[in-house]
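Chain residues, written in single-letter form:
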Amino acid sequence: MAFDALGLDPKILDALEAQGYTSPTPIQAQSIPILLEGIDLLGTAQTGTGKTAAFTIPIVQHLLEQPTSKRRKIKALVVTPTRELALQLGDNAKRYSKNTGLRTAIIFGGVGQSPQVDLLRKGVDILVATPGRLLDLQGQGHIDLSELTHFVLDEADQMLDMGFIHDIRKLLKIIPSKRQSLFF
Ligand code: AMP
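Not measured: the values here are computed from a predicted model. (Residues numbered from 1 in each chain as written. Predicted model: local features only at pLDDT ≥ 70, side-chain atom pairs only at ≥ 80, totals over all residues. Heavy atoms only, no water.)

Focus on the overall build of the protein
What counts, and what does not: Every helix listed is a DSSP run of H or I at least four residues long, and every strand listed is a run of E at least two residues long, numbered separately from the N terminus. Residue exposure (1.4 Å probe, protein chains only): buried if accessible area is under 20% of the type maximum, exposed if over 50%, otherwise partly exposed.
When helices and strands are tallied, the protein shows eight helices and six strands. Seen in sequence order, the protein has helices and strands lined up from the N terminus as α-α-β-α-β-α-β-α-β-α-β-α-α-β. Taken along the three principal axes of its C-alpha coordinates, the protein extends 45 × 35 × 30 Å. Per-residue burial over the protein gives 49% buried out of 184 residues.

Shown next as structure tokens:
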């Protein structure tokens, strides 16, 4: 199977070509068609299998299908346990949405919040965040999740091991119940 058999926006196909990807990895071939249908997914895959693109590509496709007037409101939220993972996922989201006009922001704790608040003020389509800083900035009114359509819990097992269950419960109360949920 080739990526162009999946009905993806040409901008995404260009971005994938620029990455040197010729065909989907097995987890991508299995999950992209399901996610494009808008179905919730619980995926298990080892690191290095291409899972980031497996969930990011369908999100970018869906966001491109939404009217541009809806841009710059957080539509997709990716929550991950560590700063390193947040940086990596955010970097991937930026690459796969290259030239689409969609904006990705990455937020995590342990650093000053003002550059992150500035980014959020400018408007963001895809937000990649660690749980603590996310709830902190949301509590301060810097993050509006009311228009969220896609929620990704990355490394969900590690997140629970690290004691993030309370943060995740709080988060689930804040985000719209009508959304596509992806747990990896
Ligand atoms: P991940 O499992 O998401 O951390 O991805 C592991 C690595 O595989 C990353 O360096 C990606 O850039 C790369 N990768 C993801 N999808 C593909 C693909 N379809 N073809 C080739 N490399 C890929």
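Thoughts on the pattern of salt bridges
Threshold: Between Lys or Arg on one side and Asp or Glu on the other, a salt bridge is scored when a side-chain nitrogen of the former is within 4 Å of a carboxyl oxygen of the latter.
The full count for this structure, using the stated rule, is six salt bridges. The closest approach of N and O atoms between R72 and D125, which form a salt bridge, is 2.9 Å. Residue R72 is located in the loop between α3 (51-65) and β2 (76-79), and its partner D125 is located in the loop between α5 (114-122) and β4 (126-129); the two are separated by 53 residues in the primary sequence. Classification of R72 as partly exposed rests on a relative accessible area of 32%.

Considering the site of the ligand
Heads up, the condition is: Near residues are defined by distance, with any heavy atom within 4 Å of the molecule or strand qualifying the residue. Any pair of nitrogen or oxygen atoms within 3.5 Å is treated as a polar contact; in protein, a donor-acceptor pairing is required on top of that, and neighbouring residues in sequence qualify only through side-chain atoms on both sides. Here a cavity denotes grid points, spaced 1 Å and computed from the protein atoms alone, that fit a 1.4 Å probe unable to get out, and a pocket denotes an open set having protein on both sides within 12 Å along at least 5 of 7 lines; residues with an atom within 4 Å of a point are the lining. For a cavity or pocket, the test is whether more than half of a molecule's atoms lie within 2 Å of its grid points; if they do, the molecule sits there. Gly is placed with the polar residues, together with every amino acid not listed as nonpolar (Ala, Val, Leu, Ile, Met, Phe, Trp, Tyr, Cys and Pro) or charged (Asp, Glu, Lys and Arg).
Taken together, F3, Y21, S23, P24, T25, Q28, T47, G48, T49, G50, K51 and T52 are the residues near the ligand. Taking Q28, its side chain carries an N or O atom lying 2.7 Å from a nitrogen atom of the ligand. At 3.1 Å, a backbone N or O of T49 approaches an oxygen atom of the ligand. For the ligand, the cavity whose grid points lie within 2 Å of the majority of its atoms is the largest pocket. Grouping the constituent residues of the shell around the ligand by class yields three nonpolar, eight polar and one charged.

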